[in-house]
Structures are given as C-alpha cells and as structure tokens.
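# Summary of the model geometry
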Amino acid sequence: MAAASTEPLQPPRLQQLLERDPYLAPFRTDFQRRYSLFYNHLKNIEESEGGLDKFTKSYKTFGVNQLADGGIYCKEWAPGAEAVFLAGDFNGWNPFSHPYKKLEYGKWELFIPPKDGCSPVPHGSKLKVVIRAQNGALLYRISPWARYVVRDEDKVNYDWVHWNPPQSYIHKNPSPKRLKSLRIYESHVGIASPEGKVASYKNFTYNVLPRIKDLGYNCVQLMAIMEHAYYASFGYQVTSFFAASSRYGTPDDLKEMIDVAHSMGITVLLDVVHSHASKNSEDGLNQFDGTDSCFFHSGYRGNHQLWDSRLFDYANWEVLRFLLSNLRMWIEDYRFDGFRFDGVTSMLYHHHGIGTGFSGDYNEYFGLHVDEDALCYLMLANHMINSLHPECITIAEDVSGMPALCRPVAEGGGGFDYRLAMAIPDKWIQIIKELKDEDWNMGNIVHTLTNRRYEEKYIAYAESHDQALVGDKTLAFRLMDAEMYTNMSVLMPLTPVIDRGIQLHKMIRLITHALGGESYLNFMGNEFGHPEWLDFPRIGNNESYHYARRQFNLTEDDLLRYKFLNAFDRDMNKLEERFGWLASPQAYVSEKHESNKVIAFERAGLIFIFNFHPYQSYVDYRVGIETPGKYKILLDSDAGEYGGHQRLDHNTEYFSEEYPHNYRPNSIMTTFSQPPRGCPMHQIKVYIPSRVALVLQNTDIPK
C-alpha cells in the first residue's frame, strides 16, 4: 500500500467556498486536512486496488458468488479468526469439509468446483460461515455479504439462504433523469396497507405506487429495506447490509417494485444505515470473527450508548471496501437512484451528538471532536456515487448543520446533494404545543423556514416518520386529537377543533412546501392526517399489528373529511410540478405581520399569502409584489373540495397598482364579481379570510 502524503492538500475549489462564507476562513487548515485524508485514501485505492471502480465492486467477489463455469468462489475478511470454513445443506452441515485458504490482510478464500456442470451450492439452500475463534470456539455466522436471509416462524434468528435463481428479474425501464424539484414520499413497505400484517413488495407495487403518482410525488424514499432482525427498529438496527428484507418478499419482488416505479417516472431512494449496526452476532455483523472489533471499533468507542449498537471503524480499509461496495450493489443490482444517509450527525462527531446542543457556533464543526475518518468515508461515498452514477442523489440526515456538508468535495465539502431541514418539524411541534393561535410569531416561522446555509439544498418537511411513532404525535393528532375518532364524518357538524385542525394542517404544509427548502418530504399517510400513531408489534402491545399499518382506505370514503386533506396535498404537489418553486431561488418575503398574522412572499413567479389569524378576516389588504399584471387564484385552501368555507370567488381578478408597498415596487388590488358581505362593489384591496392560504398567478405571464 502506498505511503500517504503528510503535506496538507488544498481542495481545488476551496477558495470559492471561503469567499461565499467568510466565517469559514479561520478553518482553512481543517478543510485542507480533511481533503488530504480523502485524497490519500483515493490515491491508495487507485494504487493498491486497481481503482475505485474495481474496489467498490467487491460485492461481486466477497461472500459467496457463482462463477461462469458453475463453480462457487467464496471470500471473507475475518482478521481475528484462526480458521474459516463453509457449511450448509450442500455438505450435510459438515463444519470442516470446506476450509478457506488464508490470504494476506485477514482475508480468506475458498473455491468449490462445479458438480456435474452445475453449482455445488443449489439456489435456496442454507449456508453458514464457520469461524474458529482464537479461543478455539466454533462460531456459526452469516456472511456480512449475504444477499438473502430469512427467518422461519418458529425461530428467533435469521438463516442465510443462497440466492441464485435460474432467472432473475430483468429491469425493463430506465431510471428517471435527475429531478430539479424533488417531492419525496417517505415510505415503509411493511406498513403500507390498511390490513394488520406485514405488507409486501407486491402490495406496494400495485397498490401504493399508483397512489404516490396520483398525489404528485415524484420520488419515494424507502425505509427498512436493508435486513433487520427486529421489525420494531424501523429498519435502523441493520443485521445484513447486502440483503433486501425478506419479510416483504424476494429480491426479485423488490427489483420489480423499483422497475415499476421507474416506469411511472418515480425516483427511488434507499434509506441507508451506515452510521451503526445491530449488536446481533448470530445473524448480524457483531463479533463476526470472534473479536469485538473486525468491522467496528473495539471497546467503548465501538458502542453507541443510546442506540445500543455497534459503531464502524471508518479508518479501516476493509470497512471502507464493505460500505462503499454496499452502496454500489444497491445502485447496480436493484437500481436505486440514490440514498438518504441516516444518522449522519452520529457519524460526524466523536460525541455522536449525545447531550450536545448545536448553537451554530462554527467551532462546533471543527476540532478534535469531529470524527474526520467518518467524514472522509462520506466524502468518498459521495465522490464514488457522483463519479460512477452522476444521476444518483444523496441526502444527509444531519441535525448539527455542519457547514459545506452539501457542497462538492472539490470545495472541501461533504459532497451531499441535500440535507434535511430538521429544525422545521421541531418548530411546528413547539408552536402547536406551547402557543395559543393568537400568539404565533410570524417572524419566527419565516426565520425557521428560510434559515438555511447559502447554496446548500434543504429538504423541507412539516413532519416525517419520527413524528408518527408511538410516544410522539403527528400534526393532525396534535391539532385534532381525540375528535379525529368522532367528528371526521361529513354527516357530523363541523366542530371548532376539527375546523381548526383541517385549516391549519393545509396551511402548515403549503408554507413549508413553498418556503422551507429546495425539496419537500412527507411521510406516508400524514398527507391526509392519518388518525393513528405508528407502533410495531412488540411485547408491550401484545405483538399487535393494529398500529403498524396505514389506513389509505379512509381517503376513499366520501363521508369522511380525510379526503379533503388528501386532495389538497395532491393539488399542492401538482401546482409545484407546474411552476417548480422548489427549483427556484429562495422566496422573497414581503410581509410577516405579527398582529395581523399575515405572511406574504413571492417565489417562482407566484404570490403566496397566508392569514394565520384564528378569526380575523381582511377585506381591504394590500400585498406588495415585484411584477405588475393581472393575477388570479391558483390554489385556495378555503375551497370546498379541501374542506374549506368557500369564502373566495375564484373569478376574482387581482390587478397590480404602481404603488410601492413593503419594499416592493408594486402592489395588488382586486375587483369582486360578488364582494364579501358588507363590502361595496368597487375596487378594493385583497380579501384574505381567516386561516386561509392563497396562491396567485400573474395571468399576463402564462406558465
């Protein structure tokens, strides 16, 4: 292996980054050190492994792989093992008949010749890697590279099943081109059914994907795909990194699901968990070679004290091979279009974000508390994906706000395309939980929605799966609570609680969508205000599946008000699809009036007006605008099809006036074909009912 350079290297475009954010200038050497680590890793991969392309294809040689002549080639990395064997159905579970040959650097290999021209290990047969540990014990393990693992109903642990069908699913449709406006439907295959059971890939393919398409989402982000023994972990305690979860079906079922999504023009992202791993040893990575290290740090550093899981040693060469190859496999075998990296904050810092409140002080992002080995891995991952599959998208789940995480590696950044705007859902929870409607602070809402790092793309969301879990509450539940069970029928009088909940639910989503970022995310079911939390089968609930489901059927019942929220979510997405505000420059906010509770802004040539006042409507309101012209209503949260009170006439035309207002050169007025009660028939300013959101289009500039 080539010796690494000791001289710090300057990222080629670092100066551009420092000019864009002068506060980063004192940390120039940190960027140089991080980039040097990345560069030296890349150089060593090129010199020692034949290049990044070959290095990240290791999933084709490690584990158990079929050769063209029918033989089987097996390879493992088990540096702490005294001996390694392969046992299974194919050899009557003889633990010693097929020993691996020891290679350099802790690697082991085994070649099994074909049997009568056929594979000696039949498709569907069970296997185990047998490790003789340093203390002489025999350990039966699943290969870290296993592609399919299953659990029989009468067993606790998963079994490794050799997956080599005579005919695998062949993708028919090309992956979509990289999207400019990303509207993400965060999904979990297992709960994607009204029935109380583990739903399947097939169910998602034929019942959920059409729904996602109809709702106007162009991207689905799949959780809990990487195999996890504990269903209730929501997929975040991964046991087999290369295996698609068998509880939903076969690998071919997942491939078909992704292919059908592609046929609909839907991008498919994988929620990838490289921040930690399950502590399971018999069906996980832990103690694979009989030691407490191997893929992980040994001792205290190798354990996450809150998640009770193992932490990868990102400085280890074989760990880099394993994780980078893992990403490559999901892209090339399954045709995923990118990744949402979970737990990035835990990776970036030695303290893992535990007990740390990030204030935004730049010293929090640089220094000895930063795990630069982990950051280097993320830079390598993004560099590899961008180099080999430039259409793919990467998203960072980072609550700390590390600067330049979503800037190119050439600038010294982390290389991610997007980061999650994690402060936004917390802000909505805090507002609803702690404040009366009259006390909502418009300036604070706008600040939270617009407070993002310059030229780093953010994914805005009002709530995700985190808020749907038992122990927390969705926005719909916080707004309407128990009345969702009794007063959501259109045959019942509209109560103040349900009315407030429905109107604010729509307004919160629209303002988050339009103002909060360069992409938008929603967790499945939350778009229509799913009435129940999410809780997986466990001992504490008598292994019940009652709450591990999504009741999509509620939106199809014309007698229930859930259909109103569903329709608004659909039309909101369809409107973004037409005008592309997510791909447009950040909005210009012309008004955030505290006493009136009005917020107004312009983005993508549209005017967005929100009146959050609980009871005050305005029949004489002036709104400042940039572009003169005639405006009409495109979206009205008060419309009848959205469960509103139909207080606005959609034939109303709003005319601009060369009258500066709120630092805009023009403002708009309106002429009513049918004015509000008590309002004379003449030219007046904008009518904004209480708890209403409006989107206006300049009809003099067709779109």
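Described in the following lines is the structure provided in the data block. (Residues numbered from 1 in each chain as written. Predicted model: local features only at pLDDT ≥ 70, side-chain atom pairs only at ≥ 80, totals over all residues. Heavy atoms only, no water.)

### Here's the deal with the overall build of the chain
Along its length, the chain carries 14 helices and 31 strands. Against the compact-globule benchmark of 27 Å for 703 residues, the chain has a radius of gyration of 28 Å, which places it among compact chains. Overall size of the chain, expressed as C-alpha extent along the three principal axes, is 95 × 60 × 45 Å. Buried residues in the chain amount to 61% of all 703 residues. When contacts within the chain are restricted to residue pairs at least 6 apart in sequence, long-range pairs at least 24 apart make up 71% of them. Of the roughly 27000 Å² of accessible surface on the chain, a fraction of 50% belongs to carbon and sulfur atoms. (Helix = DSSP H or I, 4+ residues; strand = E, 2+ residues; numbered from the N terminus. Rg over C-alpha atoms; globule rule 2.2 N^0.38 Å. Buried < 20%, exposed > 50% of the residue type's maximum accessible area, 1.4 Å probe, protein only. Contact = heavy atoms within 4.5 Å. Areas by Shrake-Rupley, 256 points an atom, 1.4 Å probe, with all protein chains shown as cover.)

### A word on the side chain of glutamate 463
With respect to the element layout, glutamate 463 can be found in the loop between β20 (457-460) and α11 (465-468). The buried category is assigned to glutamate 463, whose relative accessible area is 2%. Within the structure, glutamate 463 has its side chain in polar contact with the side chain of arginine 509 (distance 3.1 Å). Residues in contact with glutamate 463, not counting those within four places in the same chain, are Pro425, Thr474, Leu475, His505, Arg509, Leu521, Asn522, Phe523 and Asn526. (Polar contact = N/O pair within 3.5 Å; in protein donor to acceptor, adjacent residues only side chain to side chain.)

### Some words on the nonpolar core
Core analysis: the largest hydrophobic core is formed by 184 residues, its most contacted members being Phe204, Trp330, Tyr377 and Trp428. In this structure, tyrosine 377 is in contact with His274, Tyr314, Leu320, Leu323, Leu324, Leu327, Phe341 and Met347, ignoring residues within four places of it in sequence. The next biggest cluster of nonpolar side chains, apart from the first, holds 19 residues, and it includes Val598, Tyr618, Ile625 and Val686. (Core = buried A, V, L, I, M, F, W, Y, C linked by side-chain atoms within 4.5 Å.)

### A closer look at unusual backbone geometry
The phi angle at aspartate 481 is positive, at roughly 45°, despite the residue not being glycine. Accessibility expressed as a relative area gives 34% for aspartate 481, which makes it partly exposed. One non-glycine residue, arginine 691, lies in positive phi territory at about 50°. Positionally, arginine 691 belongs in the loop between β30 (684-688) and β31 (692-698).

### Describing the packing of aromatic side chains
Pairs of aromatic rings are described using the distance from one ring centre to the other and the angle between the two planes. This model, assessed by the stated rule, comprises 44 aromatic pairs. Each residue in the set Phe62, Trp77, Trp145, Phe241, Phe242, Phe295, Phe296, Phe312, Tyr314, Phe322 and Tyr377 is aromatic and connected to the rest through ring pairs, giving one cluster. Sitting over the face of the ring of tyrosine 334, lysine 255 holds its NZ or CZ atom 5.4 Å from the ring centroid. A cation over a ring is seen here: arginine 664 above tyrosine 588, with NZ or CZ 3.7 Å from the ring centre. (Phe/Tyr/Trp six-rings, centres within 6.5 Å; stacked < 30°, edge-to-face > 60°. Lys NZ or Arg CZ within 6 Å of the ring centre and 35° of its normal.)

### Quick look at the sheet that holds strand β2 (residues 72-77)
One open sheet accounts for 4 strands, arranged β1-β2-β5-β4; its pairing is antiparallel. Both outer strands of the open sheet, β1 (63-66) and β4 (101-102), are each paired with one neighbouring strand and no more. Summarising the sheet, β2 and strand β5 (residues 107-112) pair through 6 bridges and their orientation is antiparallel. Bridged to tyrosine 73 within β5 is phenylalanine 111. (Pairing = 2+ DSSP bridges.)

### Digging into the side chain of glutamate 518
The residue glutamate 518 is located in the loop between α13 (496-515) and β21 (519-523) in this model. Engagement of the side chain of glutamate 518 in a polar contact is seen with the side chain of arginine 452, the distance being 3.1 Å. If we skip the residues at most four places from it in the chain, glutamate 518 touches Tyr418, Arg452, Glu456, Lys457, Tyr458, Leu582 and Arg603.

### A look at the sheet that holds β20
Read around the closed barrel, 8 strands run β10-β11-β14-β17-β18-β19-β20-β21, paired in parallel fashion. Shown here is a sheet whose adjacent strand axes are inclined to one another by a mean of 30°, direction ignored. Pairing of strand β19 (residues 418-420) with β20 involves 3 bridges; the strand directions are parallel. Bridge pairing in β20 places arginine 419 opposite tyrosine 458. (Axes fitted to C-alpha atoms, helices over the stretch in contact; angles between N-to-C directions.)

### Considering α13
Between the first and last C-alpha of α13 there are 28 Å, a value that for 20 residues agrees with the 28 Å anticipated at 1.5 Å per step. With 18 of its 20 residues buried, α13 lies for the most part within the structure. (Expected span 1.5 Å × (residues − 1).)

### Digging into helix α9 (residues 423-434)
Taking 1.5 Å of rise per residue, 12 residues should cover 16 Å, and α9 covers 16 Å from first to last C-alpha, within 8% of that figure. Among the residues of α9, those classed as buried are Ile424, Pro425, Lys427, Trp428, Ile429, Ile431 and Ile432. At its buried positions, α9 is contacted by α10 (442-450), β20, α11, α12 (475-480) and α13.

### Observations regarding the environment of methionine 572
With respect to the helices and strands, methionine 572 occurs in helix α14 (residues 562-579). For the pair formed by methionine 572 and phenylalanine 27, sequence separation is 545 residues and the distance between their alpha carbons is 42 Å. Not counting residues within four places of it along the chain, the set of residues in contact with methionine 572 comprises Arg509, Leu510, His513, Tyr520, Trp581 and Leu635.

### Thoughts on the packing of α10 against α13
Two elements in contact, α10 and α13, have axes separated by 9 Å at closest approach and are oriented at 45°. As the angle between them shows, α10 and α13 are arranged oblique. Viewed along their axes, α10 and α13 form a crossing whose handedness is right-handed. Seen from α10, the contacting residues are Val446, Leu449 and Thr450; seen from α13, they are Ile511, Thr512 and Leu515. (Parallel < 35°, antiparallel > 145°, perpendicular 65-115°, else oblique. Left-handed = near helix turned anticlockwise from the far one by under 90°.)

### Describing the packing of helix α4 (residues 201-214) against helix α5 (residues 251-263)
Closest axis-to-axis distance for the α4/α5 pair is 8 Å, and the angle between their directions is 15°. One element, α4, and the other, α5, form an angle in the roughly parallel class. Crossing of α4 over α5 shows left-handed handedness. Here α4 contributes Tyr201, Lys202, Phe204, Thr205, Tyr206 and Leu209 to the contact with α5, which in turn contributes Asp253, Leu254, Glu256, Met257, Val260 and Ala261. Class assignment of the residues belonging to the contact of α4 with α5 gives a composition of 8 nonpolar, 1 polar and 3 charged. (Nonpolar A, V, L, I, M, F, W, Y, C, P; charged D, E, K, R; others polar.)

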